[in-house]
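Remarks on the overall topology
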Amino acid sequence: MKDVETRPKKGEWIIVSAILLASLPLILGFALLVISSFSKDMVTNLSPESFRLTLENWINVFQGKLAITGGIRQNILKITLNTLIVALGVSGIVTLVSTLAGYSLSRMKFKGRKLMMLLLLMLHAFPGVALIVGVYLLYRLTFPQEPSLVRFYSFFYVILARAALEIPMSVWLMKGFFDTIPWEFEWSGIIDGASRIRVWWQIMLPLIKPGILAVALFGFLAGWQDLIYVRTFLIDQTLATFIEANIEAEYSHMPLIAAAGTLYLLPTIVFFLTAQQLLLQGYSGGIKG
Amino acid sequence: MKGEKLRNLSFFLSPMVIMVGLFYLIPLVFTIYISFTKMRNWNIERYLTEVVGLYNYQRLFHMFQHDPLMRTVLLTTVVFVGITLIINVFGGLLLALGTFFINESSASAIRLLWLLPRMSPIAVYSLVWYYFFHGSEIGTLNSILMKLGVISQPIPWGQIVPWGAWSIIIFVNGLVGVSFGMIVFTSALNQIPKELIIAARVDGASAWQISKRILVPMMKWHFLYVLTWQFLSLLTTYPHLFLLVQWDLISRDYGTTLALYVYNTAFGRGEQDQGLAAAAAVLLSILGIIGGFVTLKVLQFEKMIHEPRGDIE
């Protein structure tokens, strides 16, 4: 709040400490996970003696040694790469589809425009679990016969299906960004005889770079953190399914799983620190959870 | 001119239309169709054409009436949605008001902190709470309470039914949902004219009085919006519960809501029954569609759609 002159200072620390107290489990939980990734044993029980500093977990994670004994290995770099492929794929498709559709919904008059926007909003509210049974049937019905294509196909499908979940909200978000650009900018281009497509590409897209960045970022995070779709459709493992499977596995060395979890958390934290404003603005769009 | 407009429109809109058709409309038809078949264990060759009419729906209603497990699922859904909704809406409101009255840099730090549950990958988020509520002495909560001398033995929180398990799922999902309310209410607060607050301050009103008399009454619309939207989300959300149940942190019976039940029945371990899952999914969708319409009414959707500016023709 900006009315500093009249703001009483004395009450402020009470509010801050009350909120911090409420946030304590949150801070504690995440901090313990990160600390454990640098320790020989998990430090979830708050005993200082269980913390013995080591980089072993991180080295083992990158070498893919899952257990201290028994030589169980898994290529974590490949798993991270898989996660990255899904995230980048989702981000790319969401950005492309929503910059296209957002422009026409913001700028062009046509029959059914209103209905289309209403439908998009409804789709965003639609229960995902009601779709996934049908989405899986489509997946099975279109499954390739050729065995060499199967892995590629599962990546292709999971990216498309996950991106589709993000599309209603990002189209609305993108439309909002286009709405903020004064019409005169394109008007001059159209007068000069440029086509709508050219105007979109050469005049509008450079103007809404922050919007594109926001949508791309949300798409990336959605793909990066997804658990249910990758678990259901993807044949290869991602970090999410890796953690899912290894919590229960007898041989798992838990501080190593903590390191994998911290690795998985890294992009979120990086985006957090670099794009705070963008995230807070973008999230006011309308989200599930 | 007309042909050109059509070409333009299809260039801009066809990717979206294709995606929506492929991943919303066709699957929805498929789901409804499966709910009329005997599909199980994804044995498509055998069951895809075996239409059994309303059999799955009859079975579902029979379970609602007589199966104690299904009754537990329904009860869990009601308790989970009800209490988490209250926490989400009022927690979000409290956080938004709290951060409104403190300096901007602490406020944005707190807002970011509370976005963390929503932003972190579900697997990591669940991992954090897995250790926090773990039923042995490695569990953070248990060790804190034992160090304080409140308890002498570790307590398996998630296995205490019903309230232990319910508390955990409500807590874990509550933290995710709070940020939504927080953001909506914060942006609402920023739109309230500053003069109103400054005037009240000059007259000596406290933060509590300002909130109660000025800020909250001006956010009625946002309040309803968050309430209906979060209701819909909670009714259909399940990924955060999935891992907690999967890892046996919480009791399977009292940690499963209807949405998670649908997913586990269709894709879970052991005997899968997609016909039954699809029937339950159809019921959830009907609830979702009704909820969606209510949200739109609350949102006054008509007012949100402006005519597009400056289209030639």
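Residues numbered from 1 in each chain as written. Chains lettered and ligands numbered in written order. Predicted model: local features only at pLDDT ≥ 70, side-chain atom pairs only at ≥ 80, totals over all residues. Heavy atoms only, no water.

1. Comments concerning the UniProt feature "domain: ABC transmembrane type-1" (unreviewed entry) in chain A
- UniProt's feature table lists "domain: ABC transmembrane type-1" (unreviewed entry) at residues 80-275 of chain A, given in the numbering used throughout.
- The span residues 80-275 of chain A carries 81% helix and 0% strand; its end-to-end C-alpha distance comes to 22 Å. (UniProt positions renumbered as here; feature names shortened; annotations may be inferred. Helix = DSSP H or I, 4+ residues; strand = E, 2+ residues; numbered from the N terminus.)

2. A short note on the UniProt feature "domain: ABC transmembrane type-1" (unreviewed entry) in chain B
- Listed under "domain: ABC transmembrane type-1" (unreviewed entry) in the UniProt record, and renumbered for this structure, are residues 74-295 of chain B.
- Taken end to end, residues 74-295 of chain B has its terminal C-alpha atoms 23 Å apart, with 75% of it in helix and 0% in strand.

3. Here we look at the interface of chain B and chain A
- Counting residues at the interface gives 112 residues for chain B and 109 residues for chain A.
- Here chain B and chain A share an interface that buries about 10800 Å² over both sides, 76% of which is from carbon and sulfur atoms.
- Per-residue buried area on chain B facing chain A is highest for F12, Y24 and M119 of chain B; these three make up 8% of the total on that side.
- Along the contact surface separating chain B from chain A lie zero salt bridges.
- For the pair chain B and chain A, the number of links is 13 residue pairs in polar contact (both at pLDDT 80 or more). (Contact = heavy atoms within 4.5 Å. Buried area = accessible area lost by both parts, 1.4 Å probe. Salt bridge = Lys/Arg side-chain N within 4 Å of Asp/Glu carboxyl O. Polar contact = N/O pair within 3.5 Å; in protein donor to acceptor, adjacent residues only side chain to side chain.)

4. A closer look at the environment of T99 of chain B
- Within the element layout of this structure, T99 of chain B appears in helix 4 (residues 68-100).
- Residue class for T99 of chain B comes out buried when judged on its relative accessible area of 1%.
- With 85 residues separating them in the primary sequence, T99 of chain B and S14 of chain B have C-alpha atoms 43 Å apart.
- Residues contacting T99 of chain B, with those up to four places away along its chain left out, are I19 of chain A together with A107, I110 and R111 of chain B.
- Within the local environment of T99 of chain B, its side chain forms a polar contact with the backbone oxygen of L95 of chain B, the two atoms lying 2.8 Å apart. (Buried < 20%, exposed > 50% of the residue type's maximum accessible area, 1.4 Å probe, protein only.)

5. Section: the UniProt feature "transmembrane region" (unreviewed entry) in chain B
- When the UniProt feature table is mapped to this numbering, "transmembrane region" (unreviewed entry) covers residues 12-36, 73-100, 112-132, 163-185, 223-245 and 276-299 of chain B.
- The distance from the first to the last C-alpha atom of residues 73-100 of chain B is 39 Å, and the span holds 100% helix and 0% strand.

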